[in-house]
Every structure is written in structure tokens, then in C-alpha cells.
Amino acid sequence: MSIINRFSASVSRPNTLLFTGVLVAVLCLFFRLHSGLDIDNYLWAEDGEIFFGAASKLGIQSLWTPYAGYIHLYPRVVAWLANYLPLAYIPKVYFFAWALAFLASVYAITYCAIKTKLNYFNIIFLMVFIILQPNDSEVFFSLTNSQWLLGLALTIILATQHALKLNISRLIFVVIACLTGPFSILVTPLVILKVMLQNNFNKNKAFYLSIIACAIIQVVFILYTGRVAGAPMNLSPVAWIKSYLIVLLFGANNALTLLFAFTFWSAVFYALYQRVNALEKPNTKEVLYLVFFLFIACLLHITADFYALKDPYAILAMAKTGGGRYTFAPYALLFFAAILLAQPFKKTNIIIIGSALIISMLQFYVADRSNMYFNSFARFAEYENVIIPINPVYSTYPGNHINAATKHTQKLSDLSSQPLTFHQKDELNTNANMPKSFISDKPVSCKNTSDIAIELNLVRDAAGWLTLYWNEKGPVFDKESIKRYYPAGKITAQFAFPAFVQSNHLALLFEDESSNVTITKAVAYCIPKHEK
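Residues numbered from 1 in each chain as written. Predicted model: local features only at pLDDT ≥ 70, side-chain atom pairs only at ≥ 80, totals over all residues. Heavy atoms only, no water.

Caption draft 1: A look at the side chain of Thr 449. Here Thr 449 lies in strand 7 (residues 449–460). Engagement of the side chain of Thr 449 in a polar contact is seen with the backbone oxygen of Lys 447, the distance being 2.9 Å. Aside from chain neighbours lying at most four places away, what touches Thr 449 is Ala 499, Cys 526, Ile 527, Pro 528 and Lys 529. (Helix = DSSP H or I, 4+ residues; strand = E, 2+ residues; numbered from the N terminus. Polar contact = N/O pair within 3.5 Å; in protein donor to acceptor, adjacent residues only side chain to side chain. Contact = heavy atoms within 4.5 Å.)

Following this line, the structure appears as C-alpha cells:
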């Protein structure tokens, strides 16, 4: 046997293909990272008050507490279990729970790709396109967004499997995916379509009934919460048609992306023409069925997204900025259908893969997360009620956050503290439109300290951003900083950061339209290192 034939035989083994698909997906994830794998910074939006907050306040009852009209079983279970751990473990547990959902989903997708008889190289490129597709990276690395991975995997399993035997592990995965977000409702029309066209209800009875049962549960919660009412729907046919086209053209926001989007679709239609002309060949009809179901699933996802946003222009705007959580599943389904359709036709397959690669590169974004110094805030929360900021950061108060009011177990009076005074840095305020800036009269000096916390009581007559800078060389506005948004009036501003050096000069920058800022009290707390 030649070397090439031996290689082909080895990579055709299901276990090798499964391992390869998962490995490629994991490796592609590293391209999404912005500045390293700092797990503490990947807490995101609903990870805070929706999941952590509900778990803290409601306990096990949070598992069946709806959000946005639905049950979110997987993140609820993770948040409930993680609530029994120290606060500093929360980002790690949430991240690894996301990673578990990611691995389970890409394993399921790779398994489906093998069952559709995609070859070794097409499976590799399919996983590349799923992970590196046009997307702003919001769906990656956070527990909140694990639902999009689970929903995609559920959809692909349903679209590609002719007969699926449910063992315990598969049943658990299907139920979790169906009860995490609205995806069981979304794919129910696909269940009906498959039963009508393939007459395979008896072969898939357990699978189909699991989806339908979960869909009924989610519908009950939607009706109970009144999610159906919501905002009025934009019914403009022009808006819907335009939005479908923009999404299907991968959010083409420049001439080059548009060119390769047209190239991609031209190759797809040509591959369809080639398939139709080869109907007499084995498995061609089965492949066309699979492609049809994948494309219908794509349209179901897009339509459901339009309905959720009540305005197709909203998802249109998302697509034009590189794609987001609502375009994640549609693009993955499109790439799957296209590669499957073109696989026997070498030139067409190369054109589809090449144009998809270029589109993904042109519309590629990394997961850019701000450093929120979560661990330092968590240490401060051992002594004080703390509102801990998490990503993404918006100009609202308290914004995305974790309320650690119930987590402090030690007395604030046990900490070494230093009173601070600030004076205004007038040379930066040459006109009324410049931000107010203050510097500390003396540096914060702490010994045997892991973290430093700063608490300010102040009065301001306008809402706006407040940024704390620290630097060992002097009170300058440098890169080491935390930026938080606070309302007008009397406020307590909290900051925490690692004590990398013994002496830290501080500077404050107030970004608002205020002409009056008064700091009534400022204290620095030296948080000791944990004893080993």
C-alpha cells in the first residue's frame, strides 16, 4: 500500500476524524484571543446579575427562572453550583463550563460531518469556518453565550441525522441544548418537515419527542412571561428582503467582501447544478436532502433572530459590523451545506473553500475584553459590599456587574488603611470642556499585600466616566487603569487592582460635562496575601 493510501485509510477512521475536528476547532479558538487567555476578563453581561445574581438570591429556584422568556438550563445549573465556591473561582468555573459546552458541541458537529461522509480535509475546513467565520467573537469564552454553541449543535444534529439512537449521553446533551434558550422552538418546524419528507418518525421517536416536549416547556414560559407581546414587529417587506440578503452575503460592508460573497454563492449554485446533473449517482439524493435541511435550518435561525429583535434592520446592522451571536448559527449552517454540496467537484469545492476563507479573514474580529481586575475586586469583596464590573462596559450604572454584597466574610476594620487626599491638576483643564483631573498628594504604600482597593465618596453634578490610574513612577495618566461609569449626585466609587509594587501614585480623570466635583472622603485599603 502506498504512503498516500495508508494516510487516507488512517484519517478515514471515525475516531481520528473526531479527534481532528475537535483539535482544529480548539486551535482556531486561539486566533480569537486578543491579548492572552486571562480567564477573569471573560465574564460577560448576563453572567453577572442574571445568572450569578439569581443563583445567589434564589438558590435552586433559579434553575427554572426564565430570562428573556426562556429557560436557560445550562448556565443556570453552572451558576447555581458555582455559587457554593469562593467568589474568585467564578470566572474560572464559568469559563471552563463554556469550554465544556464548546467541546461537546464541536464533537457533535464533527460526528454529524462524519455521518454525512465529509472527507478529512473538508471536515478540517468546516471547523475552521465555524470558528473563524465573520463574527465579532461575542459567542466565544463566556457562559452566557454557550447557548449559541449548543443551539448550533442541536440544529446540525437534527438537520443531518436520518436516524439517531439516543443513548444516555446524547439524551442529556439534547435536553440541555433544548432547554438552554429558544432553540427547541426554532427547530420544531424542521422536525415536522423531516417527518413529512422522510417519514422517519418511528426511527427518531425519542429524539423528536424530546425536542417537542422541551419546545412546549419553553412556549409555556414565553406565554407566562409575556415575551410574545413585546415591541411591535417591523413588517416592511423591503426591510426583511434587504436584511436576508445582507446576512446571506456575510454582512458585506466593502467591495472586496461583496465580490467574494458573490463568488461563494456562484460556486454554491454551480455545485447544485452539478449535483442535479448527477442524480443517478449513489447518495446524491440523500446529499441534496441534507443540503436542503441545512439551508432551511439557516433560514429558520435568521427568521427567529429577526423576530427576537422585532426589526430585521437590527440584525442587518450586526451583520454589517462583522456578524455576531445572531449570525453565528446561520453562517455555520451555510458553510456546512456548501462544503457538503461541492465535495465531489474538486474545482468547485476549492472555490467555495477559498472564497469562504477570504470572507472570514475580511470580516474577522478578535475577542477584545477589557481588563476588569476581577480577582482584586473579589479580594476586596471579602471585606466589603462591592459592585464588581464585568465586560462589556457601557455608559450605564451599575452596568454589567456582579453584586458581591453577600460574599464578604471578614471585617473591613481588619484591613490596613490609608486616608488619601487629592488635589486638582489644573494644568489639564485649560477650558470648560476638558475632563476634571486629580492626583494623589502621596502614594499608597502597602507591604505584604496582594491587592489594593480604593474607595471614594464624592459629589458630582453630572453623570459620566471616572477612571483611576496608578503608576509607581508618579501620578500620571498611563495605561494601568480602571474605567467605571457613575451617576450624578452623592456616590461611592470603588476600585481594586493588584499590588505589583509597594508604592502606587494615583490619578483620577472625570469624563463628564460637570464643572463641580468634590471628593469628600478617599481611603486606600491594603489587602493582605492569602496564607498558604
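Caption draft 2: Local environment of the packing of helix 6 (residues 120–132) against helix 16 (residues 346–362). As a packed pair, helix 6 and helix 16 sit with axes 10 Å apart at the nearest point and diverge in direction by 25°. Relative to helix 16, the element helix 6 is oriented roughly parallel. Judged by the twist between their axes, the crossing of helix 6 over helix 16 is left-handed. Residues Asn 122, Phe 125, Val 128, Phe 129 and Leu 132 of helix 6 form the contact with helix 16, whose participating residues are Asn 349, Ile 353, Ala 356, Leu 357 and Ser 360. Of the residues assigned to the contact of helix 6 with helix 16, the class counts are seven nonpolar, three polar and no charged. (Axes fitted to C-alpha atoms, helices over the stretch in contact; angles between N-to-C directions. Parallel < 35°, antiparallel > 145°, perpendicular 65-115°, else oblique. Left-handed = near helix turned anticlockwise from the far one by under 90°. Nonpolar A, V, L, I, M, F, W, Y, C, P; charged D, E, K, R; others polar.)

Caption draft 3: Quick look at the pattern of salt bridges. Following the criterion strictly, the structure yields five salt bridges and no others. Here Asp 40 and Lys 92 are joined by a salt bridge, their closest N and O atoms 2.9 Å apart. Here Asp 40 is found in the loop between helix 2 (14–32) and helix 3 (48–58), whereas its partner Lys 92 is found in helix 5 (residues 90–115), with 52 residues between them in sequence. Here Arg 325 ties to Glu 138 by a salt bridge, and the two come within 3.2 Å at their closest N and O atoms. Of the two residues, Arg 325 sits in helix 15 (residues 325–342) while Glu 138 sits in the loop between helix 6 and helix 7 (146–160), which places them 187 residues apart along the sequence. (Salt bridge = Lys/Arg side-chain N within 4 Å of Asp/Glu carboxyl O.)

Caption draft 4: Geometry of the environment of Phe 52. Looking at where Phe 52 falls in the secondary structure, it is placed in helix 3. Given the relative accessible area of 2%, Phe 52 is considered buried. The spatial distance from the C-alpha of Phe 52 to the C-alpha of Thr 16 is 39 Å, given a sequence separation of 36 residues. (Buried < 20%, exposed > 50% of the residue type's maximum accessible area, 1.4 Å probe, protein only.)

Caption draft 5: Highlighting the sheet that holds strand 10 (residues 489–498). With antiparallel pairing, four strands are arranged side by side in an open sheet as 3-12-7-10. Of all the strands in the sheet, the pair left with one neighbour each is strand 3 (416–419) and strand 10. On average, each strand axis in the sheet is inclined to that of its neighbour by 20°, with strand direction left out of account. Pairing of strand 7 with strand 10, which is carried by 10 bridges, proceeds in the antiparallel orientation. (Pairing = 2+ DSSP bridges.)

Caption draft 6: Region of interest: the packing of aromatic side chains. In total, this model carries 36 aromatic pairs according to the counting rule given. Summarising the aromatic geometry, the rings of Trp 98 and Phe 141 are spaced 5.3 Å apart at their centres and angled 50° between planes, so their arrangement reads as tilted. Here Trp 98 is found in helix 5, whereas its partner Phe 141 is found in the loop between helix 6 and helix 7, with 43 residues between them in sequence. Residue classification places Trp 98 among the buried positions, given a relative accessible area of 1%. Here Trp 265 and Phe 269 contribute two aromatic rings whose centre-to-centre distance is 6.0 Å and whose plane-to-plane angle is 35°, an arrangement assigned as tilted. In this pair, Trp 265 and Phe 269 both sit in helix 12 (residues 255–276), four residues apart, roughly one turn of the helix. A relative accessible area of 13% places Trp 265 in the buried class. Relative accessible area serves as the criterion here: at 54%, Phe 269 is assigned to the exposed category. Of the aromatic side chains, those joined through ring pairs into one cluster are Phe 125, Phe 129, Phe 250, Phe 264, Trp 265, Phe 269, Phe 295, Tyr 331 and Phe 335. Looking at Lys 194, its charged tip hangs above the ring of Phe 293, at a distance of 4.4 Å from the centre. (Phe/Tyr/Trp six-rings, centres within 6.5 Å; stacked < 30°, edge-to-face > 60°. Lys NZ or Arg CZ within 6 Å of the ring centre and 35° of its normal.)

Caption draft 7: Quick peek at the state of the cysteines. All told, the structure shown has one disulfide when counted by the stated rule. With its sulfur 1.8 Å from that of its partner, Cys 446 forms a disulfide with Cys 526. On the S-S bond that ties Cys 446 to Cys 526, the torsion sits near -65°, and the link is left-handed. Placement of Cys 446 in the loop between strand 6 (444–445) and strand 7 and of Cys 526 in strand 12 (residues 517–528) is noted, with a sequence separation of 80 residues between them. In this pair, the class of Cys 446 matches that of Cys 526, namely buried. (Disulfide = S-S within 2.5 Å.)

Caption draft 8: Fine view of the nonpolar core. Core analysis: the biggest nonpolar cluster contains 163 residues, and Leu 87, Phe 264, Ile 454 and Leu 456 have the highest contact counts within it. Broken down by element, this core gets its largest block of residues, 15 residues, from helix 15. (Core = buried A, V, L, I, M, F, W, Y, C linked by side-chain atoms within 4.5 Å.)

Caption draft 9: The arrangement of helix 2 in detail. With 19 residues, helix 2 extends 28 Å from end C-alpha to end C-alpha; this agrees with the ideal 27 Å at 1.5 Å per step. Taken together, the buried positions of helix 2 are Leu 17, Leu 18, Thr 20, Gly 21, Val 22, Val 24, Ala 25, Cys 28, Leu 29 and Arg 32. (Expected span 1.5 Å × (residues − 1).)

Caption draft 10: Broad picture of a nonpolar patch on the surface. A cluster of nonpolar side chains, namely Ile 192, Met 196, Leu 197, Tyr 289 and Phe 292, defines an oily patch on the protein surface of about 490 Å² accessible area. Broken down by secondary-structure element, the contributors of at least two residues to the nonpolar patch are helix 9 (183–198) and helix 13 (284–309). If you tally residues by element for the nonpolar patch, the top one is helix 9, at three residues. Along the chain, Tyr 289 turns up in helix 13. (Patch = residues over 30% accessible without salt bridge, like charges linked within 9 Å, V, L, I, M, F, W, Y side chains within 5 Å. Areas by Shrake-Rupley, 256 points an atom, 1.4 Å probe, with all protein chains shown as cover.)

Caption draft 11: Quick peek at unusual backbone geometry. Along the chain, Asn 391 connects to Pro 392 via a cis peptide bond; the corresponding omega equals -10°. Checked against the element boundaries, Pro 392 lands in the loop between strand 1 (387–389) and strand 2 (401–403). Of the consecutive residues Tyr 397 and Pro 398, the connecting peptide bond is found in the cis state with omega at 0°. Note that Pro 398 resides in the loop between strand 1 and strand 2.

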